[in-house]
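# Structural description and commentary
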Amino acid sequence: MTARPRLTTLALGLVLAWAVPLITHPLRLDALLPLLVLAGTMAVQRGARGLIDRFVLACAQLFGAACVFGLGVTLWPGHLHPTLVAGVALSALVLIAACTGRLERPGRARLDGLLALAIGAVAVVTLIPYAARDLGGRLGLPLAGEDIARHYLIYDVIGRTGGYLFMRPEALRPFVPDDEFTGIANYPQGLHFAYAVLYKFIASTTGRTSAGASADVMVWLLVGTFLLLALAVLWAVRRLAGPGASNAKLLPVLLLAAAWLVLGDPVTVLSRGYPNELAGLACAAVLTAIIVRPLTSLGEQTVTVALLLVGISFSYPLFLPFGGLAALWWIRRARLWRFWWGWLAAALVALITAIGPLTAMTASSGTQLLLNGTARVVDRPATLLLVGLAVLAVLVRRGLRAPSHRAALFAVAVAFALTGGLGLYQIATIGRPVYYFDKLMHLLIVVCLCALGGLVRFLPGLSVALRVAVALPVVAALAIAGGEWHTTPVAPGVKLALGKDRGSPEAARDALLMAKMFPDGGGAVNVDLMGSPWRNWSGTLGAAALQHQYRHFPAWSGLLYPGSAGKASTMDDLDRLVRESPVPVRFFVHDPEASLLVVDGERPYRPNVKPGQPLPVAFGDPAAPTNIAAVRALEAKYPTKVQVVYATPANP
């Protein structure tokens with residue numbers, strides 16, 4: 001093609017890049033634009049041939065690019081308008097296609113049938129528990145983990161203000177309490193930004209902009225992020241198995257990896273509501289795969305590794321040491337220092353990836369790695385078995401003779417060393433491993449699952465039926481037990497699928513009801529006293545986030561929190577909170593037996609509840625006022641400051 005036709009084609013492409021979003025917006029078809037951007041990104045791939053390869057790489061590249069794009073979007077006046085975002089993204093794709101001379105329809109790429117079948121099975125098992133629930137049931141699952149309320153807050157405020165909060169922290173101040181301002185403003189926000197952008201496209205199409213609709217989109221994006229993690233892991237298993245692996249040899253390995261994802265500890269990251277960690281794990285899985293078996297195009301490999309490091313930095317910086325060491329292994333292997341552009345790329349990546357840990361350090365205290373949290377404790381024996389299988393997969397039949405197996409062993413060793421190092425530090429400091437140790441255990445699990453691809457070399461003489469028979473006992477062991485020492489009946493994924501893991505659906509429905517009645521909070525702090533203690537606490541937390549009133553929640557958290565960190569409160573404590581509240585107080589009540597107050601805060605008398613059993617609705621001292629009686633008394637005492645709403649929950 002001569003220069004003039006090439007310039008004509010480029011100009012036409014740029015015109016279409018803006019014409020299409022300008023047409024879809026008035027037609028309310030903006031939801032199609034992210035799919036068009038994804039298809040375009042798949043079409044310009046040079047280092048992958050398979051359809052699933054292109055899809056995984058395109059998703060990884062787009063996420064990293066979106067994190068970088070957010071830095072510029074925060075400063076421009078158009079913020080997150082779908083037409084502007086899509087126009088820039090499509091224009092970038094046109095320029096990339098023009099520079100590389102590569103543009104191929106994704107549909108022409110081959111499809112790996114067995115891998116597609118494994119991914120489809122994981123998707124079905126994952127989606128059914130969420131599709132079978134109403135919005136309250138879906139939102140109630142992560143709400144039990146508490147962190148989802150703050151994730152929603154960041155995602156919501158980014159959507160409202162149009163960019164990263166660490167670049168414009170004052171935009172966040174009206175929504176959060178002063179003592180949490182620095183922590184929330186500097187929390188890694190790459191995934192929240194991506195969610196906010198996608199919600200703009202969806203809301204522009206559906207016209208649904210309520211808090212409930214926004215929360216629903218976020219929950220489904222959370223589920224989608226887990227599915228992308230599962231896809232990344234299964235794709236990595238297939239890639240690490242090598243191009244010569246037959247379906248017969250690959251089937252039991254994919255079965256084992258898929259079962260571990262939906263039955264074991266990875267699914268708890270979804271059910272407890274940790275979207276950032278899911279994104280970081282997905283980036284780590286893709287990075288492991290392309291470090292072990294690099295892409296055929298050196299330039300595309302370099303760009304993809306760089307964008308994955310950015311994605312990890314902007315989503316979960318705890319995993320960045322693993323990502324950095326894995327990238328250095330590939331840089332040494334590819335001898336990237338021979339190229340001037342390699343040094344330039346390294347400098348740019350170091351500069352951008354430093355943003356995540358630097359802002360996270362600003363948001364954290366010096367003892368951050370020692371803090372406890374609400375994550376489920378990882379199954380220790382099962383993880384030890386997985387590490388053994390991963391090492392076996394790498395070493396079997398003189399596997400270390402292959403550079404790919406040496407790279408896989410290095411990745412497993414780095415993940416194991418980081419996990420073990422943090423565990424030893426926590427034991428030496430506070431006597432036991434906690435929260436972030438389990439987070440690094442999740443990373444170790446994902447890396448080891450990727451390394452299982454080498455098991456296709458194990459027992460080469462067995463038929464496919466015998467290979468599956470070898471894998472089934474491990475799958476069965478995963479399904480029948482879980483917990484820290486693999487002693488809790490049935491796996492976390494089984495509990496989720498069977499509805500045994502319910503989270504806090506009643507609390508979520510309370511929060512949605514309160515947000516529907518008073519979308520902006522109605523000029524008051526809204527307190528849920530409708531039912532049992534955990535329901536009230538989680539419902540108030542959820543409503544505070546949905547109504548953009550989280551700033552007022554911490555003052556009421558101590559009163560409502562029924563756990564060991566909570567304080568037994570009296571009527572005087574409740575009166576004081578109302579009296580000192582800077583805004584009016586609106587109490588939502590429903591169950592006449594609900595109670596939480598005690599007569600003597602120093603020596604509280606409450607029902608004796610066995611560990612692990614749900615707390616009763618009547619949790620307070622029988623001699624103290626019930627919730628309804630208490631708020632009626634306050635309404636009479638403070639008629640201009642207290643309002644009582646006798647609500648009718650959907651499913652009390």
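Look above for the structure.
Overview of the structure. (Residues numbered from 1 in each chain as written. Predicted model: local features only at pLDDT ≥ 70, side-chain atom pairs only at ≥ 80, totals over all residues. Heavy atoms only, no water.)

All right, on to the overall build of the protein chain then. Check the secondary structure of the protein chain and you find 27 helices and 5 strands. Against the globule reference of 26 Å for 652 residues, the protein chain gives a C-alpha radius of gyration of 26 Å, in line with a compact fold. With the principal axes as the frame, the protein chain shows a C-alpha extent of 80 × 60 × 45 Å. Within the protein chain, buried positions represent 54% of all 652 residues. The contacts in the protein chain between residues at least 6 apart in sequence include a share of 78% that link residues at least 24 apart. Looking at the protein chain as shown, the accessible area adds up to about 27300 Å², and 66% of this sits on carbon and sulfur atoms. The positive charge centre, built from 54 side chains, and the negative charge centre, built from 34, are 17 Å apart in the protein chain. (Helix = DSSP H or I, 4+ residues; strand = E, 2+ residues; numbered from the N terminus. Rg over C-alpha atoms; globule rule 2.2 N^0.38 Å. Buried < 20%, exposed > 50% of the residue type's maximum accessible area, 1.4 Å probe, protein only. Contact = heavy atoms within 4.5 Å. Areas by Shrake-Rupley, 256 points an atom, 1.4 Å probe, with all protein chains shown as cover. Lys, Arg positive; Asp, Glu negative; His and termini not counted. Charge placed at Lys NZ, Arg CZ, Asp CG, Glu CD.)

The next point concerns the pattern of salt bridges. For the structure shown, the criterion picks out 19 salt bridges. Linking R502 and E506 is a salt bridge whose minimum nitrogen-to-oxygen distance equals 2.8 Å. It is possible to trace a salt-bridge network through shared partners that takes in E170, R173, D178 and R551. (Salt bridge = Lys/Arg side-chain N within 4 Å of Asp/Glu carboxyl O.)

Even without glycine at this site, E146 takes up a positive phi of about 75 degrees. By secondary structure assignment, the location of E146 is in the loop between α6 (135-143) and α7 (147-161). Residue E146 is classed as partly exposed on the basis of its relative accessible area of 21%. Positive phi, normally seen in glycine, also occurs at H486, with a value near 60 degrees.

What follows is about the state of the cysteines. Tallied over the entire structure, the rule returns 0 disulfides. The thiol sulfur of C283 is not disulfide-bonded, and the nearest other cysteine sulfur, from C67, lies at 7.5 Å. (Disulfide = S-S within 2.5 Å.)

Below, the discussion takes up the pairing of strand β4 (residues 585-589). By the criterion of burial, β4 is predominantly enclosed, with 5 of the 5 residues buried. Here β4 shows two buried faces, one formed by V585, F587 and V589 and the other by R586 and F588. Relative to strand β5 (residues 642-646), β4 runs parallel, the two being bridged by 5 bridges. Within β5, the position partnered with F588 by the bridge is V645. (Pairing = 2+ DSSP bridges.)

Attention now goes to the packing of aromatic side chains. By the definition in use, this model includes 18 aromatic pairs. Centre to centre, the rings of Y155 and Y199 are 6.1 Å apart; their planes meet at 65 degrees, and the pair counts as edge-to-face. With Y155 in helix α7 and Y199 in helix α9 (residues 190-206), this residue pair connects regions lying 44 residues apart in the sequence. By the burial criterion, Y155 is buried, and Y199 matches it. Sitting over the ring of F181, R173 keeps its end group 3.9 Å from the ring centre. Over the aromatic face of W329 sits the side chain of R332, whose NZ or CZ is 4.6 Å from the ring centroid. (Phe/Tyr/Trp six-rings, centres within 6.5 Å; stacked < 30°, edge-to-face > 60°. Lys NZ or Arg CZ within 6 Å of the ring centre and 35° of its normal.)

Before going further, it helps to examine the packing of α6 against helix α10 (residues 211-241). One can describe the packing of α6 onto α10 by two numbers: an axis separation of 10 Å at closest approach and a directional angle of 60 degrees. Considered as vectors, α6 and α10 are oriented oblique to each other. For α6 against α10, the interelement crossing comes out left-handed. Contacts between α6 and α10 involve L135, R138, L139 and P142 from the first element and G212, A215, D216, V219, W220 and L222 from the second. Of the residues belonging to the contact of α6 with α10, the class tally is 7 nonpolar, 1 polar and 2 charged. (Axes fitted to C-alpha atoms, helices over the stretch in contact; angles between N-to-C directions. Parallel < 35°, antiparallel > 145°, perpendicular 65-115°, else oblique. Left-handed = near helix turned anticlockwise from the far one by under 90°. Nonpolar A, V, L, I, M, F, W, Y, C, P; charged D, E, K, R; others polar.)

Reading across the sheet, the 3 strands line up as β3-β4-β5 and stay open at both edges, with parallel pairing between neighbours. Taken across any chain shown, the strands that pair with only one partner, and hence form the sheet edges, are β3 (525-529) and β5. The sheet shows a mean angle of 25 degrees between the axes of neighbouring strands, direction not considered. Across the sheet, helix α23 (residues 505-517) lies against β3, β4 and β5, angled at about 145 degrees from β3, the strand it touches most.

As a further point, take α7. For an α-helix, 3.6 residues make a turn, and residues three or four places apart therefore share a direction. Over its 15 residues, α7 runs 21 Å from end to end, which matches the ideal 21 Å to within 8%, given 1.5 Å per residue. Phi for G162, located one or two positions after α7, is positive at around 85 degrees. (Expected span 1.5 Å × (residues − 1).)

A cluster of basic side chains, namely K249, R397, R398 and R401, defines a positive patch on the protein surface. Mapped onto the elements, K249 comes out in helix α11 (residues 247-263). Look at K249 and you get partly exposed, because its relative accessible area is 31%. (Patch = residues over 30% accessible without salt bridge, like charges linked within 9 Å, V, L, I, M, F, W, Y side chains within 5 Å.)

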